[in-house]
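# Observations on chain architecture
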Amino acid sequence: MASGALRGGGRAAETRWRRHIVGQLKLRDRRQHDKFQDLIRFYTRLLEKTSLTPARCPSSDSSLSALLHQNNQLKNTTGELAYQVVQLQQQIRVKDSVLDEQHARQQQEEPLLQGAFDSRLALQGRVETVRGDMGALKSDYDALLERQRGAETKLREEKLRGGNLLQDVIHLKQQEAANMNTRNERRCRAREAARSKVTVETSGSAPTSRSSSPKRESERRLFRSASATSPRILSSIRALFQRRRGQSVSSLQEDQLFAVGVCLSARLPVRALHVLEAHEQGINAVRFNSSSELLATGGTDRAVKLWDVRAGSLTHRATLDGSTEGVTCIEFDPKGPRVLAASYDKSALLWRLDDPVPKVTLTGHSRKVTAARFGLNLQVVTGSADRTIRLWDLQRACCVQVVEVPSYCSDLVCTGYCIISGHYDSKIRVWDTRAVRCIQELPAHGKVTSLDISPDHRHLLSCCRDDCLQLIDLRGRSYERVCFRADGFKCGSDSTKAVISPDGCFLAAGSADGAVYIWNVSTGNLETRLPDKHSTSISAVSWSPSGEYVVSVDLSRRAVLWRDF
Amino acid sequence: MADDKDVLRDVWFGRIPTCFLLNQDEVTEREAEPYYLLLPRVSYLTLVTDKVKKHFHKVIRTDDAEEMWFEYEGTPLKWHYPIGVLFDLHASNTVLPWSITVHFKNFPERDLLHCPSHSVIEAHFMSSIKEADALKHKSQVVNDMQKKDHKQLWMGLQNDKFDQFWAMNRKLMEYPTEDGGFRFIPFRIYQTLSDRPFIQKQFRPVSPEGHVHTLGDLLKEVYPVALPTEGGPKRFQVVIHGIEPLLETPLQWLSEHLSHPDSFLHICVIPVPSD
């Protein structure tokens, strides 16, 4: 390839020097290589052979004896070696047997070893998984510990705060107790003073009473002999006298009470005049007095509050306390300035309007009192969750009659000698107080939550848990019933109270959706719905006897005064 | 071209029959037999004489043995010259086989290099190749090779593998066609009469005028004494690989085909035997 460029010079010249070189090389190899190749190979092989043969060859004849000697020595050595060989063979045999034994043992041990290896692997696997689990648990535990620590510090702070708050509360309570003590003391002193005054008064007015009613005179004597010192009896005596005096000489106050009479037309409320948070907890009951100027509300916060209804707003007048539990029902005495309330504390309480301390506490029920109404002859009728209806004599402040009823009594009304009670067993029962027996049992559609009687005592309204108002005609023996329902109206609780308007033309009830529903009795249709003012279930409504106002109260402390304009 | 390949093979497989004799002064336990070998011309003495050493170690006390060295008719033989060069230079016109005396004592420190292992030979061989490539290609080819390629060259020589060696050496012999040859021809001219070990100069394969340089041109340039004078008797032989190429032989071709494995063209100029 490389000589390609050189070829141009002339093929003959080019081949000459090349041929010369090739020929020379062949000649050189023939002379130097080929001639000697085999010779040297043979020589080398010969040299290797000779180097294998013993190098030295003893060359002397005289060494024959030495050789013989050597021969003998070698023979001896051979014998020794043969003996050694035998011995060694024996040893080998022994060792072989031992070896066999060991092999057998090894073969026996091998499966065991394999098993052990397998179990070791399995255990290692388990160790790995357990370690992984442990790691996960540990991290969880750490997180929880951290959270616990945080929670503990928070708890400590809260405890500290709680302690401080408790201190504050105790301090306040102590102050309150001190106040109460001073108040009680003052009241006690006042009562002492009043008692001495009453004694004087009794002695002063005795001749008058004697002259007018000798029978009462004997009664009075009887009392005096029983217990002249009892303040309750004294007060009842005083009431007696007042009453008697009222009968004989009609006072200005009583004129006021009876002046109102019957409302001719109730006006449909349209507008909320006044919305206020009336109590500290939910309000259970509301009632106007007969002159429509005073409103009483009773709540879970144990208080009965009196409100003046004036110029379209409610003004707080007084708080009547004495109940140890929530108030369930309120009624004004239609014949006097008194208010009656039923309470969760298994009692009914009677206040004078001008005294925040209860005048009479009627105790005897074994469970909460759900309804308390004024009846005939200075009697009070109470219904209770303990399945009794009790009649109380206010003069003696004691229970005069106990009527066992078959079910939880949720509400009752009085009309003449009849008591009509509503029950949780979906029944309305009519009782004759004189015979003390159930004279009629009317069915309702669900648990009866409230009863109301029209001012003319002709119709009875019941409210049931099946979201239905029922108007019962009390005239005659047929007890005809009309039902009132409305879309959206839902009875919010077991004590939701519905009312009849004072003219008997409308029914009003509060719903669980916070709206007041008003039905027209004559058409049986829903007349109006007053929404948006209450945010929770309405517990009771009351229509003023003048027909002017409606008040609704709910379980979130709110009271709303409604009017027609 | 088949001829060229044959020339390469003939050059590679050139052998010199040699007889190794132990020096008489060596202390021996018994008489040492001579040892005969066919020495490759392209290899190095210390690379191929392990058997000789083993042979003579049998008869001399090993603790007396120092480094082995060789001598021919009073001249210590330099192991770092190729064997063919040593023979052509010192014994080309003597009776074969070539008798070399083996010494284990009195190493001539002034004349010879020590050769404790084959790695020394390898280093010398590789440095020669690199030097030659520096002349031929400015070292480009040899530098582009990998370590294993260098190893392949050496192993080819050490194990006398012609194909293995030339697979790699082919690259070292390439040149751009337009140049017409290498940059410079790596050559060395040895002579017996001078103290100089050898003549080495830069010489291009093609003249500036474009003429192809021949062996004669080279000698005329660097060693004109070697050329036969006009009409006078021939005084010197110009020997490469045991042969005398014609002076008209192109130098580039010689460098490609008659170079030793170390890439150098070793030229021996020896006096014509008198008889």
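Residues numbered from 1 in each chain as written. Chains lettered and ligands numbered in written order. Predicted model: local features only at pLDDT ≥ 70, side-chain atom pairs only at ≥ 80, totals over all residues. Heavy atoms only, no water.

So, on to the pattern of salt bridges. Residues and elements named next belong to chain A. For the coordinates displayed, the defined rule picks out 36 salt bridges over all chains. Its salt-bridge partner being Asp-494, residue Arg-465 comes within 2.5 Å of it at the nearest N-O pair. Separated by 29 residues along the polypeptide, Arg-465 in the loop between β19 (459-464) and β20 (468-473) and Asp-494 in the loop between β21 (481-484) and β22 (499-500) bring together distant segments of the chain. Looking at Asp-494, the relative accessible area reads 24%, which means it is partly exposed. One network of salt bridges, in which partners are shared, links Glu-277, Arg-557 and Arg-558. (Salt bridge = Lys/Arg side-chain N within 4 Å of Asp/Glu carboxyl O. Helix = DSSP H or I, 4+ residues; strand = E, 2+ residues; numbered from the N terminus. Buried < 20%, exposed > 50% of the residue type's maximum accessible area, 1.4 Å probe, protein only.)

Moving on: the pairing of strand β10 (residues 369-374) of chain A. Residues and elements named next belong to chain A. The buried fraction of β10 is high, at six of six residues. Sheet topology note: the β10/strand β11 (residues 379-384) ladder contains five bridges and is antiparallel. Opposite Ala-371, over in β11, you have Gly-383 as the bridge partner. (Pairing = 2+ DSSP bridges.)

To continue, consider the nonpolar core. The nonpolar side chains of soluble globular proteins are, as a tendency, buried together. Residues and elements named next belong to chain B. With 84 residues, the main nonpolar core has Phe-20, Trp-98, Val-102, Phe-125, Ile-189, Leu-254 and Leu-258 as its most contacted residues. No other element matches the six residues that helix α4 (residues 83-91) contributes to this core. If near-sequence neighbours (up to four positions away) are discounted, Trp-98 is found in contact with Ile-16, Pro-17, Thr-18, Cys-19, Tyr-72, Leu-77, Ile-83, Leu-86, Phe-87 and Ala-91. (Core = buried A, V, L, I, M, F, W, Y, C linked by side-chain atoms within 4.5 Å. Contact = heavy atoms within 4.5 Å.)

Our focus in this paragraph is the interface of chain A and chain B. If you look at the interface, chain A gives 28 residues, while chain B gives 40 residues. Roughly 3,000 Å² is buried in total at the junction of chain A and chain B, and carbon and sulfur atoms are behind 65% of that figure. Looking at the side of chain A facing chain B, the largest losses of area belong to Trp17(A), Arg28(A) and Gln32(A), adding up to 20% of the total buried there. Applying the counting rule to chain A against chain B returns three salt bridges. Linking Arg16(A) and Glu248(B) is a salt bridge whose minimum nitrogen-to-oxygen distance equals 2.4 Å. (Buried area = accessible area lost by both parts, 1.4 Å probe.)

This part takes up the sheet that holds strand β8 (residues 265-271) of chain B. Sheet strands pair via backbone hydrogen bonds, and the direction of the pair is either parallel or antiparallel. Residue and element names in this part refer to chain B. Strand order in the open sheet formed by three strands is β6-β8-β7, and the pairing between neighbours is mixed. Of all strands in the sheet, those with a lone pairing partner are β6 (187-191) and β7 (236-239), marking the two edges. Mean inter-strand twist for the sheet, computed between neighbouring axes without regard to direction, equals 20°. Sheet strands in contact with α4 are β6, β7 and β8, and its direction is about 10° off that of β8. Lying over the sheet, helix α9 (residues 215-222) contacts β6, β7 and β8, oriented at roughly 65° with respect to β6. (Axes fitted to C-alpha atoms, helices over the stretch in contact; angles between N-to-C directions.)

Residue and element names in this part refer to chain B. Per the counting criterion, the structure on display carries 20 aromatic pairs over all chains. With 5.9 Å between their ring centres and 65° between their planes, Tyr-72 and Trp-98 make a pair best called edge-to-face. Taken together, the positions of Tyr-72 in strand β3 (residues 69-72) and Trp-98 in strand β5 (residues 98-103) put the pair 26 residues apart, joining distant regions of the chain. Residue class for Tyr-72 comes out buried when judged on its relative accessible area of 5%. The exposure class of Trp-98 is buried, given its relative accessible area of 1%. Ring-pair connections join several aromatic residues into one group, and the members of that group are Trp-12, Phe-13, Phe-162, Phe-165 and Trp-166. If you follow Arg-188 out to its NZ or CZ, it ends over the ring of Phe-264, 4.1 Å from the centre. (Phe/Tyr/Trp six-rings, centres within 6.5 Å; stacked < 30°, edge-to-face > 60°. Lys NZ or Arg CZ within 6 Å of the ring centre and 35° of its normal.)

Let's shift gears to a positive patch on the surface. All names here are of chain B. Judged by side-chain charge, Arg-30, Lys-51, Lys-54 and Lys-58 come together as a positively charged surface patch. Tracing the backbone shows Arg-30 in the loop between β1 (15-22) and β2 (35-40). Residue classification places Arg-30 among the partly exposed positions, given a relative accessible area of 42%. (Patch = residues over 30% accessible without salt bridge, like charges linked within 9 Å, V, L, I, M, F, W, Y side chains within 5 Å. Areas by Shrake-Rupley, 256 points an atom, 1.4 Å probe, with all protein chains shown as cover. Lys, Arg positive; Asp, Glu negative; His and termini not counted. Charge placed at Lys NZ, Arg CZ, Asp CG, Glu CD.)

Moving on to helix α7 (residues 147-158) of chain B. Residues and elements named next belong to chain B. The end-to-end C-alpha separation of α7 is 16 Å, in line with the 16 Å expected for twelve residues at 1.5 Å each. Taken as a whole, α7 has its buried residues at Asp-149, His-150, Leu-153, Trp-154, Gly-156 and Leu-157. The arc enclosing the buried residues of α7, seen along the axis, measures out at 160°, which places them on a common side. Structural note: α7 exposes Lys-147 and Lys-148 on the side pointing more than 90 degrees away from its buried face. Immediately downstream of α7, the backbone of Asp-160 shows phi near 55°, a positive value. (Expected span 1.5 Å × (residues − 1). Arc of directions from axis to C-beta.)

In this structure, Gln252(B) sits in helix α10 (residues 251-257). Of note is the side chain of Gln252(B), whose polar atom sits 3.0 Å from the backbone nitrogen of Phe182(B). (Polar contact = N/O pair within 3.5 Å; in protein donor to acceptor, adjacent residues only side chain to side chain.)

Okay, the sheet that holds strand β26 (residues 538-543) of chain A next. Residues and elements named next belong to chain A. What the four strands build is an open sheet, ordered β1-β28-β27-β26; its pairing is antiparallel. Looking at strand neighbours, the two that pair on one side only are β1 (271-277) and β26, the edges of this open sheet. Geometrically, the sheet is characterised by an average inter-axis angle of 20° between neighbouring strands, direction not taken into account. Note: strand β27 (residues 549-554) against strand β28 (residues 558-563), five bridges, orientation antiparallel. Across the sheet, Ser-552 pairs through a bridge with Val-560, a residue of β28.

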